[in-house]
Amino acid sequence: MKGLAPLFLGIFGTFAFSWVGMTVIPNWQIGHLSPQSDEEGTDIYPQPQSGMFQRGARVFAANGCAYCHSQQVRPEYAGADIERGWGNRRSAPRDYIFERPVFLAKMRMGQDIANVGARAPAEQQSPPPAGAASPAASPGGATSPAASAAPRSAAPPAAPVTQGAAVSSPPATQQSASPSAAGSPVTAVATSAAASPASSAPKGSPSPAPPTGVASPSPGAMANASPGATTAPSSGPQVVGPPWPEQTIGEPPMYSVAWHHVHLYSPRSINLDSNMPAYRFLYEKRRIRDQRSAEALKLTGSDAPPEGWEVIPSYDAKCLVAYLMALNQSHPLNEVRSAGAAPTASVAPSPAAAAGSPPPSPAPAK
Amino acid sequence: MNVTGIPLKEPEVSAAAGATEQLERAYIDASTRVPVLMFYTSAMAWLILGTLLAGFVSFKLHEPDLLSNISFLTWGRVRPAHMNMMVYGWASMAGMGTAIWLMARLCRTMLRYPLLLVAAAGFWNLGVLLGVGGIFLGDSTGYQWLEFPGYAAIILFVAYTLVASWAVLMFRYRRGEQIYITQWYLLGAFLWFPWLYAAAQLMLFVVPVQGVLQSAVGWWYANNLLFLWFGAIALGTAYYMIPKVIGRPVYSYHLATIGFWTYALFSSWTGMQRLVDGPFPAWMITASIAAMILSMIPVATVGLNHHMTMRGYFPLMRYSPTLRFTVFGAMSYTVFSVVGLLISLRSVARYVNFSQTSIAYSHLGLYAFFTMVIFGAMYYIVPRLVGREWRYASLIKLHFWASAYGIGLMTLMLLAGGFLQGADMENPSLPFSETVETVLPYLRGRSLAGILLTAAHFIFAYHFGLMLLGLGRTSTVPTFLNPVEAETSGGH
């Protein structure tokens, strides 16, 4: 080959071709998506995220969570993601328009967490049905260590009672057995700060059947709502069942804020087989001053702090959990078919509208 | 100093060239000494540090409680620190050192503006140091292969601009009209890298694109870095070293032209196949898969060219360390490409997409292909810089076999483990933790392979250190791996 000019032009040309083809044209095609809304312009999805979410995303990035946890649900034909209950539909570009950085990731040494917020138990937002309510759920009892320790001592802490196969786990058992942290002010605050309106049901509603249970066919709602709260049509065709069987009796309800904290602090106290490292540096062990903090983690066995000490989450840990609680792609998208057409059709009563609060206007940019 | 470095037989090409040409080469080599050794020494330091971190990462993956309570030693920080140290510290610096030396040789001119390169090496080291420090302190950006925070990225970019402008300047001073194949690849690498890096940084951090496109840009960058930067340097180096060592011209110039342009055209379109079935328009992923398939054209042409050049000369691998490493690397290029193609086909990708196979793929490209070629080049170049021959043939052999077995075992473990992990993941009746249990034994096997690689790198670093200290052999004959018949003066 002779002469520098053709070589240089060729080198530049191939690069430019690739750059335009692989980044510029896609950017023109899907780089300027807007949130979708219904005809009245109310049911807006997705919505801009809170400041805690943004900071939680940075904690997520800093500690490399994405090297083990992906955040993308593949379509039915391309994998068992939906069958595993990681979502009720495939992820679409529109799900991510407010996220930066985006953690699609491509490694699953841990579970996919695109919908981990949707798995949060329903009682995070509303009181559980009367039958399932444990004494600890009363406002006073939840914060008192004595009351929350009582049900736990009934079960041997070292012996995790796993529910066996995914399909056969009765949700009611989990609920009645757990000393539900629902009434804890911490969880309530964190949830309201973090959860996207799509998943937040009217708070304080006495109804045992919150709209979320019906409206969103999310596996979380499936796994955690009591059988009475879920209507037959939505539970009938879905054979999904709770896909996360490893639940130790005596822990906070799975995927609740309190559960995430315990899980981050000591993953193997919740699931013996877990391969996740502990993130204790996000937590602070301190001496109890006059009263045990409401935020203190409910730890058992060798993880429990010595008498007179407590473990509380740092602000980073709270942001990280707020971030996790807000990961929720269960809202239907027009361009994607959700698994099970029936529940999708019944979505009409939007949770945001039911809550009575005007939805935040979708900011075009962050 | 033996400048021709051709074992066993009289060179056919340079036989015509007289003593003047040898003298000229010696002068050119001497002029490259300071900058190239600076790049090489830094690269070696990063290689050793990165190797230690790699072992740590590998063990922590199956022993999650190992030192997990210290924030900067958490797995999610050590892993990107290891990866970036290897990519930007070891591979990029060793690649640049090799490319600089090759440029000077092939432009047949004394290295000019050495200060430019010395400054670049200094800045580059500073950038990597700050970047890795930033990752440890929790400043990672969260984009794979681009984890370095902005303050490190800008320093890297400045350092790189110095190297690239030096390369363009060198081209202006070149003698002779003919531009050799290696120079195509090197000029490509020198120009592609800054464009890639700048484009990715701009689209992710300066004027960020929306949503999932960030991932698209990230993987476009990562794959192009692998092909257009590391791959181009390694292929260019192989095109120089193989004919040089065996003393025979490249089999076909025409094939090389086809190989180069199809490589540039097709491999630059890959990247999205790593996100197969992700939330993207299907055409993007399909285009990348098609590009992966078309990439078999350069693989076939380059492989054929090397093979035909080597034909009849394969026994020389018994003697020449450079040839042995380079041919191993060149063959790994084919393996790397074929594995890359297989795991991107949609029917296979659904099983392996979220498993350890992608780690196997990256290591095949960065280690079995790139690093082995660069090791070979260093065995050729370093004696010409320090004026000494490698001291121990046995250490070179140990290095080769530990590296070859290490990377082979690692790739096998990760591929097999990844396939099983992926198959389990596709079976929803198995609880998720089973899929992790399945892959753990293979990860322990990988740690074993890592020990082999660590040994290899320490041996090489020790040998390299001896050379730097001037403790190599004083001889006119290069160090052969096995004593050559009739001259048993080899090391030991």
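What counts and what doesn't
- Residues numbered from 1 in each chain as written.
- Chains lettered and ligands numbered in written order.
- Predicted model: local features only at pLDDT ≥ 70, side-chain atom pairs only at ≥ 80, totals over all residues.
- Helix = DSSP H or I, 4+ residues; strand = E, 2+ residues; numbered from the N terminus.
- Rg over C-alpha atoms; globule rule 2.2 N^0.38 Å.
- Buried ≥ 20, exposed ≤ 12 C-beta atoms within 10 Å, placed from the backbone.
- Contact = placed C-beta atoms within 7 Å.
- Core = buried A, V, L, I, M, F, W, Y, C linked by C-beta atoms within 7 Å.
- Expected span 1.5 Å × (residues − 1).
- Bend = angle between axes of the 7 residues up to and from the residue.
- pLDDT = per-residue confidence, 0-100.
- Nonpolar A, V, L, I, M, F, W, Y, C, P; charged D, E, K, R; others polar.
- Axes fitted to C-alpha atoms, helices over the stretch in contact; angles between N-to-C directions.
- Parallel < 35°, antiparallel > 145°, perpendicular 65-115°, else oblique.
- Left-handed = near helix turned anticlockwise from the far one by under 90°.

Side note on the overall build of chain B
When helices and strands are tallied, chain B shows 16 helices and 0 strands. A compact globule built from 492 residues would reach a C-alpha radius of gyration of about 23 Å, and chain B, at 22 Å, matches this within 12%. The dimensions of chain B, computed from C-alpha atoms along their principal axes, are 70 × 45 × 40 Å. Looking at chain B as a whole, 60% of its 492 residues are labelled buried. Here the contacts in chain B between residues at least 6 apart in sequence split such that 83% fall between residues at least 24 apart.

Quick notes on the overall build of chain A
Scanning chain A for helices and strands turns up 14 helices and 2 strands. The proportion of buried residues among the 366 residues of chain A is 52%. Considering only contacts in chain A between residues 6 or more positions apart, those separated by 24 or more positions represent 77%.

Some points on the nonpolar core
Residue and element names in this part refer to chain B. Counting residues in hydrophobic clusters, the biggest one holds 234 residues, and the most contacted among them are Met103, Val163, Tyr185, Ala189, Trp192 and Val373. The dominant element in this core, judged by the number of residues it contributes, is helix H8 (residues 213–246), at 24 residues. Not counting chain neighbours up to four residues away, the residues in contact with Ala189 comprise Ala99, Leu228, Trp229, Ala232 and Ile233.

Side note on H8 of chain B
Residues and elements named next belong to chain B. Relative to the 50 Å expected for 34 residues at 1.5 Å per residue, H8 spans 47 Å between its end C-alpha atoms, a close match to the ideal helical length. Along H8, the sharpest kink reaches roughly 40°, centred on Gly231. Burial analysis of H8 places 34 of its 34 residues in the buried class, which makes it a mostly covered element. Positive phi shows up at Gly247, right after H8, with a value of about 65°.

Side note on the confidence of the model for chain B
Residue and element names in this part refer to chain B. When pLDDT is averaged along chain B, the result is 91, and 95% of the positions lie at 70 or above. Low confidence marks residues 1–15, where pLDDT is under 50. Its contacts with residues over four positions away, or in another chain, come to 34 contacts. Our summary of model confidence lists the complex with pTM equal to 0.82 and ipTM equal to 0.90.

Observations concerning unusual backbone geometry
All names here are of chain A. Omega for the bond connecting Tyr45 with Pro46 falls within 30 degrees of zero, at -10°, which places this linkage in the cis form. Of note, Tyr255 is a non-glycine position whose phi angle comes to about 65°, a positive value. Examined against the element boundaries, Tyr255 turns out to sit in the loop between helix H9 (232–235) and helix H10 (257–265). The exposure class of Tyr255 is buried, given the 23 C-beta atoms found within 10 Å.

Section: the interface of chain B and chain A
Contacts between chain B and chain A engage 72 residues on the former and 65 residues on the latter. At the level of secondary structure, the elements contributing two or more residues to the side of chain B that touches chain A comprise helix H4 (75–107), helix H7 (181–206), H8, helix H9 (253–267), helix H10 (282–294) and helix H16 (432–468) of chain B. For the side of chain B that touches chain A, the residue count by class is 38 nonpolar, 24 polar and 10 charged.

A short note on the packing of helix H5 (residues 114–137) of chain B against helix H6 (residues 150–172) of chain B
All names here are of chain B. Relative to each other, H5 and H6 sit at 160°, their axes nearing to 8 Å. By the angle between their directions, the pair H5 and H6 is classed as roughly antiparallel. In the packing of H5 onto H6, the handedness of the crossing is left-handed. Contact residues: Leu116, Leu117, Ala119, Ala120, Phe123, Trp124, Leu126, Gly127, Leu130, Gly131 and Gly134 in H5; Tyr151, Ala152, Ile155, Leu156, Val158, Ala159, Leu162, Val163 and Trp166 in H6. A class-by-class count of the residues in the contact of H5 with H6 yields 17 nonpolar, 3 polar and no charged.

Side note on the environment of Arg105 of chain B
Relative to the elements of secondary structure, Arg105 of chain B occurs in helix H4. In this structure the C-alpha to C-alpha distance between Arg105 of chain B and Ala26 of chain B, which are 79 residues apart in sequence, comes to 9.8 Å.

Focus: the environment of Glu76 of chain A
Residues and elements named next belong to chain A. Looking at where Glu76 falls in the secondary structure, it is placed in the loop between helix H2 (51–62) and helix H3 (139–143). With 14 C-beta atoms packed within 10 Å, Glu76 lands in the partly exposed category. Counting along the chain gives 54 residues from Glu76 to Met22, while the straight-line C-alpha distance between them is 26 Å.

Considering the confidence of the model for chain A
A low pLDDT score tells you not to read the predicted coordinates there in detail. All names here are of chain A. When pLDDT is averaged across chain A, the result is 69; 57% of the residues are at 70 or more. Confidence drops under a pLDDT of 50 for residues 125–246, and excluding neighbours within four residues, the segment shows 243 contacts in the predicted structure. Note on residues 341–366: pLDDT is under 50 here. Beyond four places in sequence and across chains, it has 46 contacts.

Remarks on the packing of helix H3 (residues 33–62) of chain B against H5 of chain B
Residues and elements named next belong to chain B. For the pair H3 and H5, the least separation of the axes is 8 Å and the interaxial angle reads 15°. Comparing their axes, H5 and H3 come out roughly parallel. Considering only the axes of H3 and H5, their crossing is left-handed. Residue-level inspection shows Val34, Pro35, Met38, Phe39, Ser42 and Trp46 of H3 in contact with H5, the latter providing Pro114, Leu117, Val118, Ala121, Asn125 and Val128. Within the contact of H3 with H5, the residues separate by chemical class into 10 nonpolar, 2 polar and no charged.

Describing the environment of Ala78 of chain A
The residue Ala78 of chain A is located in the loop between H2 and H3 in this model. Assessed through the 18 C-beta atoms surrounding it within 10 Å, Ala78 of chain A is described here as partly exposed. Sequence separation between Ala78 of chain A and Arg90 of chain A is 12 residues, and the spatial gap between their C-alpha atoms is 9.9 Å. Discounting residues that sit within four places of it in the chain, Ala78 of chain A has contacts with Asp277 and Arg350 of chain B.

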